[in-house]
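Structural characterization, general
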Amino acid sequence: MASPNQQYHGATFKPHKHFAANSPFFFKKTNLYTLALLLFLCTFSYLFGVWRHEGGGGVLSVNKSAATATTNTIVSIPCNPSKATTAATRGGKPLDFSSHHKADDLDFTLTSEVKSYPSCNVNFSEYTPCEDAKRSLRFKRHQLIYRERHCPEKHEILKCRIPAPHGYKNPFKWPASRDFAWYNNVPHKHLTVEKAGQNWIRFAGDRFRFPGGGTMFPNGADAYIDDIGRLINLKDGSIRTAIDTGCGVASWGAYLLSRNILTMSFAPRDTHEAQVQFALERGVPALIGILASKRLPYPSRAFDMAHCSRCLIPWAESGGQYLIEVDRVLRPGGYWVLSGPPINWKKHWKGWERTKDDLKDEQMKIEAVAKSLCWRKFVEKGDIAIWQKPINHLNCKVNRKITQNPYFCPAQDPEKAWYTNMETCLTHLPEVSNKEDVAGGELPKWPERLNAVPPRISRGTLEGITAETFQKDTALWNRRVSYYKAVNNQLEQAGRYRNILDMNAYLGGFAAALTEDPLWVMNVVPIQAKVNTLGVIYERGLIGTYQDWCEAMSTYPRTYDLIHADSVFSLYDGRCEMEDILLEMDRILRPEGSVIFRDDVDVLVKIKKISDGLNWDSQIVDHEDGPHQREKLLFAIKTYWTAPAEGRHESTRSS
């Protein structure tokens, strides 16, 4: 047995029998061995540290299999974010967020070792999966059910990338985009003929021009809005959110933006023309949608004003359910504006090719439904009629005991609006104690309402969300958006991004932090979210919609310039395929558009592997609170590519 004082300098070292433990020669040799070993370990440690450092300045490889396609990195941002103009610092290639492609510069093909996703056929360049014309033929035509959302089955989902039309260019910057769009981006001329006399749209050279006209306002949306403004106040901030049913190319919503009124425009998927696509190309908020048998995908008490200008909706039919649905989404005290048939029928009946009796009967039915909803006829002047919803239901409940039509809905959730059938009963307003109280709480005028505590929170109707929660969330997103702008300095350059999507908006803090910029944000509250907060977003004067991200969104390809995805993939873990959500993001993102992912680092690594297969350029970046947070950010850019010209093979090129 070795003595306690026996010295061992290696796992296999044993003292030689000829050397005593106290021999001077033994100590000398032992010290040399020790010194050599220490020197080796120090040198090795130093060289290893240098190798790690020089490998990317704090950059950590996270996906070796994809290294040949795109550098996979976690990048640390300097402490002074004002000097961090790109996602990379030392050693990493920075992402180029700028748009600088040329339509005919398509001579480079990206390759990747990760799973690649091929281009779909050019026939799919305007594919809207849940509003597909062929699929719709399987469904009932009664109440236009066939034109509602009908999404593909799992085995029908495309696993390819939707191509932009050949010659696609980045849209004009706002506000020029309100008036112009490139022909190659939406290559449809039919409207220029069909609506030639109504000033909807003109075609000249390589672009469309939008004079701002409409069926009921051929002299322009500005003049028409001024007419409405002489009847109700559009300037004092009391009207901030609006909904336009059957919006056409959304000129009404486009021109309300200059009055600080944010409009949700919607129209059904056209079989011949892409009217909603024109609206989005102009940089105006819009979704594909229709009033048929399902509720609109918005919460109750969302809009200050609703509008229909010859939108061809049979308002008084089907038990008045279409006006009843407008009542559900209209805020207490809000206005419904109607122009076109049957308003002012005595003047226009010949041009509408209908009889006087027919039009008179239609108006009387509309008046009756509006009265049954306790609306009051506010004014009718010229071609415009306006009704106002009551601020509460105290008087309405008294009248309902007499008329019983329509009856108040039994116990139901007025916020539930995803594949929810419309009803012919009146949606309850929150209870009030006296006739002067606004049901649900009175809102401040814009812009004060943006950062005021929303009534749904202050009244304690959302479990676990308090005024303090709201205020902290607002401050948090102001800080986060500043960090985003430090990483992607194009985010603060006016006009670079116009149409923005927040896939998991919570309280709308991301959008609120961007309200001073010339852009708009579609705030999505997933139906799987723990708390339904979309009503709060509308109370802040912002807009949004419900969505299940296991399905496609009701919008055209190339809708958004920038997509923000906060914890989306953690929320949908195990619910549906990650690649399907990313393919949908690729469909609705414009060429050279950007994505900001925020999630656990392990989730981001998986996202990055798939995004590499989509030919996106991307980098994983540290959390704004530093590298020790498990949550990281992934900044990505969709590279510019289009369908090939006729007779050419598809080409792509990196931005």
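As recorded by an unreviewed UniProt entry, the protein carries the name TraB family protein and is attributed to Populus trichocarpa.

1. Overview of the environment of Trp616
Here Trp616 lies in strand S17 (residues 616–621). In this structure Trp616 comes out as buried when scored by relative accessible area, which is 1%.

2. Some points on the environment of Asn488
Relative to the helices and strands, Asn488 resides in the loop between helix H12 (467–487) and strand S12 (499–502). Classification of Asn488 by relative accessible area gives buried; the value is 1%. Sequence-wise, Asn488 and Phe97 are 391 residues apart; in three dimensions their C-alpha atoms are separated by 6.8 Å.

3. Let's talk about helix H17 (residues 601–613)
In this model H17 runs 19 Å from its N-terminal to its C-terminal C-alpha over 13 residues, within 8% of the 18 Å that 1.5 Å per residue would give. Along H17, the residues that are buried comprise Val601, Val603, Leu604, Ile607, Lys608, Ile610, Ser611, Asp612 and Gly613. Between the side-chain oxygen at the start of H17 and the backbone nitrogen of Asp602 there is a gap of 2.9 Å, and the oxygen is on Asp600. In the stretch just after H17, Asn615 is the one whose phi turns positive, near 65 degrees.

4. Details of the nonpolar core
With 145 residues, the main nonpolar core has Trp315, Met585 and Phe597 as its most contacted residues. The leading source of residues in this core is helix H16 (residues 578–588), at six residues. Once residues lying within four places of it in the same chain are set aside, the contact partners of Met585 are Met503, Ile563, Ala565, Phe569, Val595, Phe597 and Trp616. Formed by six residues, the second largest nonpolar core is a distinct cluster that contains Ile457, Leu462, Leu507 and Val536.

5. Quick word on empty space enclosed by the protein
Enumeration according to the criterion identifies five cavities of 30 Å³ or more in this entry. For the largest cavity, the calculated volume is near 60 Å³. Considering the residues around the largest cavity, the lining is formed by Arg295, Gln321, Ile324, Glu325, Arg328, Cys409, Gln412, Met422, Glu423, Cys425 and Thr427. Partitioning the lining of the largest cavity into residue classes produces four nonpolar, three polar and four charged.

6. Some thoughts on the sheet that holds strand S6 (residues 262–267)
On the basis of which strands lie adjacent, the open sheet formed by seven strands has the order S7-S6-S5-S8-S9-S11-S10 and mixed pairing. What marks the edges here is a single partner per strand, and that holds for strand S7 (286–288) and strand S10 (376–381). On average, each strand axis in the sheet is tilted by 20 degrees relative to the strand beside it, whichever way the strands run. Pairing of strand S5 (residues 241–245) with S6 involves five bridges; the strand directions are parallel. Residue pairing in the sheet places Asp244 in a bridge with Ser265 of S6. Relative to the sheet, helix H4 (residues 221–229) contacts strand S8 (303–309), strand S9 (330–339) and strand S11 (384–388), its axis offset from that of S11 by approximately 45 degrees. Across the sheet, helix H9 (residues 356–372) touches S9, S10 and S11, and the angle it forms with S10 is around 145 degrees.

7. As for the packing of aromatic side chains
Aromatic rings considered in pairs are described by the distance between their centres and by the relative angle of their planes. On inspection of all chains with the given rule, the structure shows 23 aromatic pairs. Measuring from centroid to centroid gives 5.1 Å for Phe208 and Phe278, while their planes differ by 90 degrees, and the two rings are edge-to-face. Here Phe208 is found in strand S4 (residues 207–209), whereas its partner Phe278 is found in helix H6 (residues 275–281), with 70 residues between them in sequence. Summarising the burial analysis for this pair, Phe208 and Phe278 share the class buried. With a centroid separation of 5.3 Å and 75 degrees between ring planes, the pair formed by Tyr335 and Phe378 is classed as edge-to-face. Pair noted here: Tyr335 is in strand S9 and Phe378 is in strand S10, with a separation of 43 residues, a long-range link. Judged by its relative accessible area of 15%, Tyr335 is buried.

8. Structural notes on the environment of Ala529
As for its position among the elements, Ala529 is in the loop between strand S13 (520–526) and helix H14 (534–539). Each C-alpha atom, one on Ala529 and one on Tyr572, is 9.8 Å from the other, the two residues being 43 residues apart in sequence.

9. Here we look at the pairing of S13
Burial analysis of S13 places seven of its seven residues in the buried class, the great majority of the element. Residues Trp520, Met522, Val524 and Pro526 point to one face of S13 and Val521, Asn523 and Val525 to the other, with burial holding for every one of them. As paired strands, S12 and S13 are joined by four bridges and run parallel to one another. Within S13, the position partnered with Leu501 by the bridge is Met522. As judged from the five bridges shared by S13 and strand S14 (residues 543–547), these two strands associate in the parallel manner. In the sheet register, Asn523 faces S14, and the bridge partner there is Gly544. On the question of chirality, the crossover connecting S13 to the parallel S14 by way of H14 is right-handed.

Calculation notes
- All chains use their own residue numbering, which begins from 1 and follows the written sequence.
- Given that the model is predicted, a residue must reach a pLDDT of at least 70 before its local features are reported, and side-chain atom pairs must reach 80 or more before they are shown or counted; all residues, however, enter totals for whole chains, interfaces and linings.
- Calculation of side-chain values draws on the structure's entire complement of heavy atoms; hydrogens and water are dropped beforehand.
- In DSSP terms, a helix is any run of H or I states spanning at least four residues, a strand is any run of E spanning at least two, and both are numbered starting from the N terminus.
- Burial status follows relative accessibility: with a 1.4 Å probe on protein chains alone, a residue under 20% of its type maximum counts as buried, one over 50% as exposed, and anything between as partly exposed.
- Expected helix span is computed as 1.5 Å times (number of residues minus one).
- Under the rule applied, a polar contact is a pair of N or O atoms within 3.5 Å (in protein, one hydrogen donor and one hydrogen acceptor; residues adjacent in sequence only if both atoms are side-chain atoms).
- Put simply, buried Ala, Val, Leu, Ile, Met, Phe, Trp, Tyr and Cys residues joined by side-chain atoms within 4.5 Å make one nonpolar core.
- Contacts were defined at the residue level, with two residues in contact if any of their heavy atoms lie within 4.5 Å.
- Detection works on a 1 Å grid of protein atoms alone, calling trapped sets that fit a 1.4 Å probe cavities and calling open sets with protein on both sides within 12 Å along at least five of seven lines pockets, with lining residues defined by an atom within 4 Å of a point.
- Grid points are joined across faces, edges and corners, and a volume is the space filled by probe spheres set on the points.
- Each residue receives one of three labels: charged for Asp, Glu, Lys and Arg, nonpolar for Ala, Val, Leu, Ile, Met, Phe, Trp, Tyr, Cys and Pro, and polar for the others, Gly being one of them.
- Any two strands with at least two DSSP-identified bridges between them are counted as paired.
- In this analysis, axes come from line fits to C-alpha atoms, helices being fitted only over the stretch in contact, and the angle between any two N-to-C directions falls in the range 0 to 180 degrees.
- Only Phe, Tyr and Trp rings are paired, with Trp represented by its six-membered ring, and only when their centres lie within 6.5 Å; those with planes under 30 degrees apart are stacked, over 60 edge-to-face, the remainder tilted.
- Assignment of crossover handedness uses the view with strands pointing away from the viewer, where a clockwise path from the first strand over the helix to the second indicates a right-handed crossover.

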